[in-house]
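A structural walkthrough
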Amino acid sequence: MRLLKVFLLVLLVALQYRLWFGKNSLPEYWHLQEDVARQEQTNQKLRQRNQVLIADIEDLREGEVALEERARNELGLIKQDETFFRLVPNKQSTTYEPE
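Residues numbered from 1 in each chain as written. Predicted model: local features only at pLDDT ≥ 70, side-chain atom pairs only at ≥ 80, totals over all residues. Heavy atoms only, no water.

1. Section: the packing of helix 2 (residues 26–62) against helix 3 (residues 64–75)
- Two numbers describe how helix 2 lies on helix 3: the axes approach to 5 Å, and their chain directions differ by 105°. Between helix 2 and helix 3, the crossing angle belongs to the class labelled roughly perpendicular. Along its contact with helix 2, which presents Asp56, Asp59, Leu60 and Glu62, the element helix 3 presents Glu64, Ala66, Leu67 and Arg70.
- Among the residues forming the contact of helix 2 with helix 3, the class breakdown is 3 nonpolar, no polar and 5 charged. (Axes fitted to C-alpha atoms, helices over the stretch in contact; angles between N-to-C directions. Helix = DSSP H or I, 4+ residues; strand = E, 2+ residues; numbered from the N terminus. Parallel < 35°, antiparallel > 145°, perpendicular 65-115°, else oblique. Contact = heavy atoms within 4.5 Å. Nonpolar A, V, L, I, M, F, W, Y, C, P; charged D, E, K, R; others polar.)

Here it is in structure tokens:
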């Protein structure tokens, strides 16, 4: 009977060691859960960015207004017989100039 108790105790210790320190242990499982959560957040941000890009593509494919706006803002294009005015704000010097 004593030998059975020792055997069961050794078996319990071996299983506990494997549970806490072996391959596929609980700490490794928890670490992988954190990695999955981080990856889900990254995926959600990328999904949102993709939705914005898809909306931009649809606007450019279907509407001339979006295409014209992008050409004006990004490329500086103007229509024929159109006058272009650029307003440049005055920059005040904030550096100290000794007299």
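2. Points about the confidence of the model for the chain
- Mean pLDDT over the chain stands at 85; residues scoring 70 or higher make up 93%.
- Mean pLDDT across the secondary structure elements of the chain bottoms out at helix 3, with 81, and peaks at helix 2, with 93. (pLDDT = per-residue confidence, 0-100.)

3. Considerations on helix 3
- When the terminal C-alpha atoms of helix 3 are compared, their 15 Å separation across 12 residues agrees well with the 16 Å that a helix rising 1.5 Å per residue should span.
- Immediately beyond the C-terminal end of helix 3, within one or two residues, lies Gly76, with a positive phi of roughly 70°. (Expected span 1.5 Å × (residues − 1).)

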